[in-house]
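# Descriptive structure summary
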Amino acid sequence: MSNEHKRRFRIGRTLPPAAAPIELRDIVCGLRGWFRGERAVREMEESFRSFFGVRHCFAVSSGTAALTLILAALKEKRPRRTEVLIPAYTCYSVPSAIVRAGLKVALCDIDPKTLDFDYGELKRKLENPRLLAVVPTHLFGLPADVPRLREMLRDRETTIIEDAAQAMGGQFGGRKLGTLGDVGFFSLGRGKALSTVEGGIILTNCDEIAAKIAREQRRLYEYGALEMGSLVLYALVLTVFLRPSLFWLPSSLPFLNLGKTVFDPTFRMRRMSGFQAGLALHWREKLEALQAARRGSVRQWFGALMPAQAALLNDPPPLLRLPGRAKTAHGASRLLSGGAKKGLGVSAAYPDAVSAIPELAGDFAGEDFPAARDLARRIVTLPVHTYVNSEDRRKILGLLSQVEMQWPLSA
Ligand SMILES: *Cc1c(COP(=O)(O)O)cnc(C)c1O
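Before going into details, it helps to say that this report is about the structure given with it. (Residues numbered from 1 in each chain as written. Predicted model: local features only at pLDDT ≥ 70, side-chain atom pairs only at ≥ 80, totals over all residues. Heavy atoms only, no water.)

## A word on the overall build of the protein
- Counting secondary structure elements, the protein contains 15 helices and 12 strands.
- Computed over the C-alpha atoms, the radius of gyration of the protein is 20 Å, within 12% of the 22 Å expected from 2.2 N^0.38 for a compact globule of 411 residues.
- Judged by the C-alpha coordinates and their principal axes, the protein covers about 55 × 50 × 40 Å.
- By the burial criterion, 57% of the 411 residues in the protein qualify as buried.
- At a minimum sequence separation of 6, the contacts of the protein that also span at least 24 residues come to 77%.
- As presented, the protein carries roughly 17,200 Å² of accessible surface, and 54% of it is formed by carbon and sulfur atoms. (Helix = DSSP H or I, 4+ residues; strand = E, 2+ residues; numbered from the N terminus. Rg over C-alpha atoms; globule rule 2.2 N^0.38 Å. Buried < 20%, exposed > 50% of the residue type's maximum accessible area, 1.4 Å probe, protein only. Contact = heavy atoms within 4.5 Å. Areas by Shrake-Rupley, 256 points an atom, 1.4 Å probe, with all protein chains shown as cover.)

## Examining the pairing of strand β4 (residues 131-134)
- Two strands pair when backbone bridges link them, and strand β2 (residues 83-87) and β4 are joined in this way by three bridges, in the parallel orientation. Each bridged residue has a counterpart across the sheet, and for Leu85 the counterpart in β4 is Val134. (Pairing = 2+ DSSP bridges.)

## Some words on the site of the ligand
- Not every one of the 14 residues close to the ligand is listed here, only the nearest: Gly63, Thr64, Gln166, Ser187 and Lys192.
- Between Gln166 and the ligand, the recorded distance is 2.6 Å, taken from a side-chain N or O atom to an oxygen atom.
- A distance of 2.6 Å is found between an oxygen atom of the ligand and a side-chain nitrogen or oxygen belonging to Ser187.
- Protein chains shield 89% of the accessible area of the ligand, which is 380 Å² for the free molecule.
- Counting residues per element, the ones that place at least two in the shell around the ligand are α3 (63-77) and α4 (93-100).
- Here the shell around the ligand is composed, by residue class, of four nonpolar, eight polar and two charged. (Near = heavy atom within 4 Å. Polar contact = N/O pair within 3.5 Å; in protein donor to acceptor, adjacent residues only side chain to side chain. Nonpolar A, V, L, I, M, F, W, Y, C, P; charged D, E, K, R; others polar.)

## Focus on the sheet that holds strand β12 (residues 405-406)
- Read from one edge of the open sheet, three strands run β11-β10-β12, paired in antiparallel fashion. Two strands close off the open sheet at either side, each with one partner strand: β11 (379-383) and β12.
- Taken together, the two bridges between strand β10 (residues 321-326) and β12 define a ladder with antiparallel strand orientation. Looking at the pairing, Ala326 lines up with Met405 of β12.
- In the packing of helix α14 (residues 370-378) onto the sheet, contacts are made with β10, β11 and β12, and the angle to β11 comes to roughly 50°. (Axes fitted to C-alpha atoms, helices over the stretch in contact; angles between N-to-C directions.)

## Notes on the packing of α3 against α4
- Running from N to C, α3 and α4 cross one another at 40°; their axes reach a closest spacing of 9 Å. Compared by their axis directions, α3 and α4 come out oblique. The crossing of α3 and α4 is right-handed. Between α3, through Thr64, Leu67, Thr68 and Leu71, and α4, the contact on the second element is made entirely by Ser93, Val94, Ala97, Ile98 and Arg100.
- Grouping the amino acids of the contact of α3 with α4 by side-chain chemistry returns five nonpolar, three polar and one charged. (Parallel < 35°, antiparallel > 145°, perpendicular 65-115°, else oblique. Left-handed = near helix turned anticlockwise from the far one by under 90°.)

## Notes on the pairing of strand β5 (residues 159-163)
- Counting buried positions along β5 gives five out of five residues, so the element sits mostly inside the fold.
- Along β5, one buried face is formed by Thr159, Ile161 and Asp163 and the opposite face, lined by Ile160 and Glu162, is buried too.
- As judged from the two bridges shared by β4 and β5, these two strands associate in the parallel manner. Looking at the pairing, Val134 lines up with Ile160 of β5.
- Taken together, β4, helix α6 (residues 146-152) and β5 constitute a β-α-β crossover, and its handedness is right-handed.
- Of the pairings in the sheet, the one linking β5 to strand β8 (residues 183-187) comprises three bridges and is parallel in character. Paired with Asp163 across the strands is Phe185, a residue of β8. (Right-handed = clockwise from strand over helix to strand, strands pointing away.)

## Comments concerning the pattern of salt bridges
- One pass over the full model with this rule turns up 24 salt bridges.
- Of the charged contacts in the structure, one is a salt bridge between Arg36 and Glu43, with a shortest N-O distance of 2.8 Å.
- One salt bridge in this structure joins Asp155 and Arg81, with 2.9 Å as the shortest N-O distance. One end of the pair, Asp155, is in the loop between α6 and β5; the other, Arg81, is in the loop between α3 and β2, and 74 residues separate them in sequence.
- Assessed through its relative accessible area of 21%, Asp155 is described here as partly exposed.
- Taken together, the shared-partner salt bridges in this structure form one network comprising Arg78, Arg81, Asp155 and Glu157. (Salt bridge = Lys/Arg side-chain N within 4 Å of Asp/Glu carboxyl O.)

## Thoughts on the sheet that holds β2
- Taking strand neighbours across the sheet as the criterion, the seven strands line up as β1-β9-β8-β5-β4-β2-β3 in an open arrangement whose pairing is mixed. Each edge of the open sheet is held by one strand with a lone partner, namely β1 (56-60) and β3 (104-108). Direction aside, neighbouring strands of the sheet carry axes that sit 25° apart on average.
- Sitting on the sheet, α3 touches β1, β2, β4, β5, β8 and β9 (200-204), and the angle it makes with β8 is about 160°.

## Details of a nonpolar patch on the surface
- On the surface, Leu24, Leu233, Tyr234, Leu236 and Val237 cluster together into a nonpolar patch covering about 450 Å² of accessible area.
- Looking at which element gives the most residues to the nonpolar patch, the answer is helix α8 (residues 225-241), with four residues.
- Here Tyr234 is to be found in helix α8. (Patch = residues over 30% accessible without salt bridge, like charges linked within 9 Å, V, L, I, M, F, W, Y side chains within 5 Å.)

## Notes on the nonpolar core
- With 80 residues, the main nonpolar core has Ile86, Tyr89, Ile161 and Ile213 as its most contacted residues.
- Leaving out residues up to four positions away in the same chain, Ile161 has contacts with Leu67, Ile70, Leu71, Leu74, Ala133, Val134, Val135, Pro136, Val183 and Phe185. (Core = buried A, V, L, I, M, F, W, Y, C linked by side-chain atoms within 4.5 Å.)

On their own, these measurements won't tell you what the molecule is for.
Right, here's the structure in full:
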């Protein structure tokens, strides 16, 4: 079922699939933030709040924790609503948060051309009177059409939670991703657009939801001393080993489980630490530089792979990775193993549809999500981060020339 390629030991230039580097300068700011504690976190929240132009912002220990707090707040607001509708192909952290919040996962299949919801199916799924929330998701930074969802959503008691975990810094129709729903969240995890090792940000303009989230946030524990120690250590390890000359080492160590996506509702939820807030101190300029590099890289890929798409070439979105579909599952495996052998950062994504997660499978008896399952077998993503150089690109294009591909956005 899964097309996750086998890890292999190789020494030499190795690209990570996605990267938001942490620099030594950030670590210094992080240590200073650790010292300042709560104040550093409040300033970070204020800085995100004002940049995104929203009324409320909350920082916590992960995107998954952010979503869980949002869901807990909504559950309290509408206790009779029990289901949360998500795309059938998404990060397994999303159903993990729903289960952790004591709610039920509902699924809608995806449109393989956009990786957004299949809007025909969505129309039916939105008629569910138990629906507490629906979660449009900007997978890899490809914008989901949140205004279209809002137009379709007649039930005023269903909340739109925008999963912008992978999309910080992106836009849709001139508006900032993360601010299109009733409430939105970002991830600051490893491999996201901007990273503080781990972290999550909640944005909302709704005072009522914000008041409830604030209460949930105050209930969280702080990181313990050991947890803080390992957070700092992990930040240092990322600072050193994320670069292509050394990434072969962590990517060869199977116990690190890099890039693995797991369903686990027992994840850790903490307040964001001053250390993480300090790591993010210069986040605006950093995000801007990272996104400019990603845009440039996406433009180069588009130029090589779909030169007829002039509009995309003029204004390429700052994707986190460029997702494509091989025509066959066999083609996808060939690309993934060829890319792994040469350390090119070519990677699959989630191993299967959410409906195939064994702990959840019973909830979807009689339902099928063929597009999500098919995508899982055929998806291949290309790296677009700052470390990809023209030689890497040439090698990846060489692999791609042997396999027939379809690219989203190029419909
Ligand atoms: C990473 C991710 C999350 C969860 O964020 P974490 O910070 O890893 O907990 C949620 N949704 C999507 C689409 C993600 O990619």
